[in-house]
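Structural overview for review
Now for the letters of each chain:
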Amino acid sequence: MEGRDILLYLALKYNGNWDAMYNAIKQKEDLPKNLDIEKIKEDIKCNYVTLIDSDYPECLKPIYKPPFILFYYGDLNLIKNYRRNLSVVGTREPSKYGEEVTKNLVEGVCDHFNIVSGFANGIDSIAHKTCIENGGKTIAVLGCGIDRCYPNSNYKIYDEIKNNHLLISEYPCKVDPNKDNFPFRNRLVAAFSKALLVIEGGIKSGTSITANYALNYGREVLAVPTRIDKDSICNNLIKDGADLIRNKEDILKYYEYYS
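This report concerns the structure included in the present document.

The rules behind the values
Residues numbered from 1 in each chain as written. Predicted model: local features only at pLDDT ≥ 70, side-chain atom pairs only at ≥ 80, totals over all residues. Heavy atoms only, no water. Helix = DSSP H or I, 4+ residues; strand = E, 2+ residues; numbered from the N terminus. Rg over C-alpha atoms; globule rule 2.2 N^0.38 Å. Contact = heavy atoms within 4.5 Å. Areas by Shrake-Rupley, 256 points an atom, 1.4 Å probe, with all protein chains shown as cover. Buried < 20%, exposed > 50% of the residue type's maximum accessible area, 1.4 Å probe, protein only. Pairing = 2+ DSSP bridges. Right-handed = clockwise from strand over helix to strand, strands pointing away. Core = buried A, V, L, I, M, F, W, Y, C linked by side-chain atoms within 4.5 Å. Salt bridge = Lys/Arg side-chain N within 4 Å of Asp/Glu carboxyl O. Axes fitted to C-alpha atoms, helices over the stretch in contact; angles between N-to-C directions. Left-handed = near helix turned anticlockwise from the far one by under 90°. Nonpolar A, V, L, I, M, F, W, Y, C, P; charged D, E, K, R; others polar.

Attention now moves to the overall build of the protein. Across its full length, the protein holds ten helices and nine strands. Its C-alpha atoms give the protein a radius of gyration of 18 Å, within 12% of the compact-globule value 18 Å for 259 residues. Seen through its principal axes, the protein has C-alpha atoms that stretch 60 × 35 × 35 Å. Across the protein, contacts joining residues at least 24 apart in sequence account for 72% of those joining residues at least 6 apart. Surface summary for the protein: the accessible area is close to 12500 Å², and the carbon and sulfur share equals 45%.

Counting buried positions over the six residues of strand E3 (residues 85–90) gives six, a clear majority of the element. Burial of the side chains of E3 extends over both faces: Asn 85, Ser 87 and Val 89 are buried on one face and Leu 86, Val 88 and Gly 90 on the other. Where E3 and strand E7 (residues 195–199) come together, five bridges link them in parallel fashion. Within E7, the position partnered with Gly 90 by the bridge is Ile 199.

On to the pairing of strand E6 (residues 166–169). Of the two faces of E6, both are covered, the one formed by Leu 166 and Ile 168 as well as the one formed by Leu 167 and Ser 169. Across four bridges, the pairing between strand E2 (residues 69–74) and E6 is antiparallel. Note on E6: the bridge partner recorded for Gly 74 is Leu 166. After leaving strand E5 (residues 138–141), the chain enters helix H6 (residues 155–164) and then returns to the sheet as E6, a path that is right-handed.

With that settled, consider the nonpolar core. Core analysis: the biggest nonpolar cluster contains 34 residues, and Leu 60, Ile 139, Val 141, Ile 168, Phe 192 and Leu 237 have the highest contact counts within it. Put simply, the parts of the chain that give this core at least two residues each are E2, E5, E6, helix H7 (181–191), E7, helix H8 (206–216), strand E8 (220–223) and helix H9 (233–239). The dominant element in this core, judged by the number of residues it contributes, is H7, at four residues. Ignoring any residue separated from it by four or fewer positions in sequence, one finds Leu 237 in contact with Val 198, Ala 211, Val 221, Ala 223 and Ala 242. By size, the runner-up hydrophobic cluster in this structure holds 30 residues, among which are Tyr 48, Tyr 158, Leu 167 and Val 175.

Here we take up the pattern of salt bridges. Within the structure shown, the criterion is met by eleven salt bridges. The salt bridge involving Arg 4 is made with Asp 53; its shortest N-O contact spans 2.9 Å. You can see Arg 4 sitting in helix H1 (residues 3–13) and its partner Asp 53 sitting in the loop between strand E1 (47–50) and E2, a full 49 residues away along the chain. Residue classification places Asp 53 among the buried positions, given a relative accessible area of 13%.

One can describe the packing of helix H4 (residues 96–109) onto helix H5 (residues 123–133) by two numbers: an axis separation of 9 Å at closest approach and a directional angle of 35 degrees. For the pair H4 and H5, the sense of crossing is right-handed. Between H4 and H5, the contacting residues are Gly 98, Glu 99, Thr 102, Lys 103, Val 106 and Glu 107 on the first element and Ile 123, Ile 126, Ala 127, Thr 130 and Cys 131 on the second. Of the residues belonging to the contact of H4 with H5, the class tally is five nonpolar, three polar and three charged.

Structure below.
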């Protein structure tokens with residue numbers, strides 16, 4: 001049995017749990033004698049790429065716990081060159097200001113590069129939708145199984161991204177959402193792009209976790225300022241050295257192919 005087949009089997013057995021898969025590999029866990037890997041592969045609806053495949057994204061190899069396997073629908077080439085991507089993250093409950101800023105900035109830059117986000121309600125969903133509506137390409141990184149639309153209210157955008165953009169997850173099939181998966185998922189949102197744009201987010205939130213991953217990976221961290229009386233990671237990031245973003249030009253200057 002090929003190494004990639006073993007990784008597929010382990011991902012299905014352990015629902016994509018990285019630590020469980022790592023332990024199984026480390027301990028050289030025995031495979032079932034009657035394992036029909038061809039039947040398993042036939043039952044998988046999506047595409048997948050493993051850590052040992054030649055087309056595995058290079059941008060993920062140096063990161064914290066690189067996924068052993070990625071399940072996806074759509075165009076994997078959208079993440080082949082992370083320098084052509086911008087990750088956009090923020091709160092699930094944005095203010096009117098946050099909504100408007102997200103729409104304006106994404107609309108202004110999505111013809112220059114692909115927009116990456118985490119498919120959550122709020123800023124993430126606005127970024128995906130705005131990109132699609134303006135003819136750009138978007139990448140949704142799920143924190144649940146690749147065949148599970150979560151949140152359920154995003155089913156229309158789920159189908160659009162699945163068919164015409166890139167929908168990706170390290171969790172197979174219909175694995176349920178798990179609160180621990182989402183912060184862990186954020187390491188991929190940060191790794192897939194040259195820069196991370198933060199638009200509203202709590203100081204202790206998934207948004208701040210993503211920003212920390214981006215800093216650790218040497219990515220540019222960009223932040224939209226918010227009210228000084230708000231509990232926001234954005235102003236703290238700017239104070240600590242992140243670049244303050246006012247308009248699309250402030251973003252585009254970080255991309256070498258922009259002139």
